[in-house]
Amino acid sequence: MGVEVKRTGSLLLLTLNREERLNALDTDMRTAIVEALNAASEDDEVRAVVLTGKGARAFCAGQDLNESRQLSPDGGDAWMDTWQRFFAAVSQCRKPIVAAVNGTAAGAGLQLALMADLRVAVPTARFLMAEINVGLPAIAGSYLLQTHLGQARMRELVLTGRVFTAEEASEWGLVQETRPPDQLMERAEAMALHLAEKPPVAMRLTLEMLRGMMRRGLSEAETAAVSYQSEAIATGEPQAQMARFFEARR
């Protein structure tokens, strides 16, 4: 199962469950997340969502490189359509989301964490916007990092594809708290319960406003990503770069 879905009281717990693949997002996993969050949005009994990854190594390593390196040159548009549905479901969720970052958050995994409302991470968590390293333009990631950090820091992180630490993320305000691994979920659930206990109409209306602010820019970024990433895929450069990545790993 790519995503574990569990209810505990007013909370919905979503666990990315591909530990052997560092919880990387393939099409089936993205579809499961879309379905779970869309259902949560319509369920009055769900008041908040906690999102985490399985294991101690990764929250989410981003897109599944095994899947994306097999894309045909003309497969970019259909592939990007599944990503657009994924981004829309997360960024339009009508319930507050707390991300419990249990390990590395890279590429689309970092973008997933950035679309959450609050973030708590283990001190050893590592973050990177990795698209440039695998031959893809980081369009949605650029928008999300700019929203949180401003132009200067965004450009550094997007163009270098460098790793930054939980300590840096905390200093910049990307992460609200750091907690040891054995306290991570307890703290994330406590943060989510605190949000769940707020007056529901006020929470809904506030989220509508915040989601609207995010969606206006993110929707434009997604549309641009369809064009730019499809163009990159058509050249074969990303597939070749990913093949070199796997060869280096071997």
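Data block above holds the structure.
Here goes a summary of the coordinates provided.

Calculation notes
Residues numbered from 1 in each chain as written. Predicted model: local features only at pLDDT ≥ 70, side-chain atom pairs only at ≥ 80, totals over all residues. Heavy atoms only, no water. Buried < 20%, exposed > 50% of the residue type's maximum accessible area, 1.4 Å probe, protein only. Helix = DSSP H or I, 4+ residues; strand = E, 2+ residues; numbered from the N terminus. Pairing = 2+ DSSP bridges. Right-handed = clockwise from strand over helix to strand, strands pointing away. Contact = heavy atoms within 4.5 Å. Axes fitted to C-alpha atoms, helices over the stretch in contact; angles between N-to-C directions. Disulfide = S-S within 2.5 Å. 1 Å grid on protein atoms, 1.4 Å probe; cavity = no way out; pocket = protein on both sides within 12 Å on 5 of 7 lines; lining within 4 Å. Points joined across faces, edges and corners; volume = space filled by probe spheres on them. Nonpolar A, V, L, I, M, F, W, Y, C, P; charged D, E, K, R; others polar. Phe/Tyr/Trp six-rings, centres within 6.5 Å; stacked < 30°, edge-to-face > 60°. Lys NZ or Arg CZ within 6 Å of the ring centre and 35° of its normal.

A word on the pairing of strand β2 (residues 11–16)
Here is step 1 of the chain: With 6 of its 6 residues buried, β2 lies for the most part within the structure.
Here is step 2 of the chain: Burial of β2 is two-sided: the residues Leu 11, Leu 13 and Thr 15 facing one way and the residues Leu 12, Leu 14 and Leu 16 facing the other way are all buried.
Here is step 3 of the chain: As defined by bridge partners, strand β1 (residues 3–8) adjoins β2 across 6 bridges and the pair is classed as antiparallel. Paired with Glu 4 across the two strands is Thr 15, which belongs to β2.
Here is step 4 of the chain: Counting the residues that bridge the hairpin from β1 to β2 gives 2 residues, and of these Gly 9 lies at a positive phi of roughly 60 degrees.
Here is step 5 of the chain: The β-α-β motif built from β2, the intervening helix α1 (residues 27–42) and the parallel element strand β3 (residues 48–53) has right-handed crossover chirality.

Examining the sheet that holds strand β10 (residues 177–178)
Here is step 1 of the chain: Spatially, the 6 strands line up as an open sheet ordered β1-β2-β3-β5-β7-β10, and their pairing is mixed. In this open sheet, the two edge strands, each paired with only one partner strand, are β1 and β10.
Here is step 2 of the chain: Lying on the sheet, helix α8 (residues 181–196) is in contact with β2, β3, β5 (97–101), β7 (118–121) and β10; it crosses β5 at an angle near 170 degrees.

Digging into the state of the cysteines
Here is step 1 of the chain: Going through the model one piece at a time under the given rule, you end up with 0 disulfides.
Here is step 2 of the chain: Free cysteine: Cys 60, not disulfide-bonded; nearest cysteine sulfur from Cys 93 at 17 Å.
Here is step 3 of the chain: Classification of Cys 60 by relative accessible area gives buried; the value is 0%.

What to know about empty space enclosed by the protein
Here is step 1 of the chain: Counting across every chain of the model gives 3 cavities of 30 Å³ or more.
Here is step 2 of the chain: Considering only enclosed or pocket space, the second largest cavity measures out at about 40 Å³ in volume.
Here is step 3 of the chain: Together, Leu 110, Ala 113, Leu 114, Arg 119, Phe 127, Phe 164, Ala 169, Leu 174 and Val 175 line the second largest cavity.
Here is step 4 of the chain: When grouped by side-chain class, the residues that make up the lining of the second largest cavity number 8 nonpolar, no polar and 1 charged.

A closer look at the packing of aromatic side chains
Here is step 1 of the chain: All chains considered together, the criterion is met by 5 aromatic pairs.
Here is step 2 of the chain: Between Trp 83 and Phe 87 the ring centres are 6.1 Å apart and the planes differ by 35 degrees, which places this aromatic pair in the tilted class. With Trp 83 and Phe 87 both in helix α3 (residues 76–91) and 4 residues apart, this pair spans about one turn of that helix.
Here is step 3 of the chain: On the basis of relative accessibility, which here comes to 6%, the residue Phe 87 falls in the buried class.
Here is step 4 of the chain: Plain terms: the ring middles of Phe 86 and Phe 87 are 5.5 Å apart, the flat faces sit at 70 degrees to each other, and that makes the pair edge-to-face.
Here is step 5 of the chain: Taken together through their ring pairs, the aromatic side chains of Trp 83, Phe 86 and Phe 87 make up a single cluster.
Here is step 6 of the chain: Over the face of the ring belonging to Trp 83 we find Arg 30, whose NZ or CZ atom lies 4.0 Å from the ring centre.

Nothing here speaks to function; it is all geometry.
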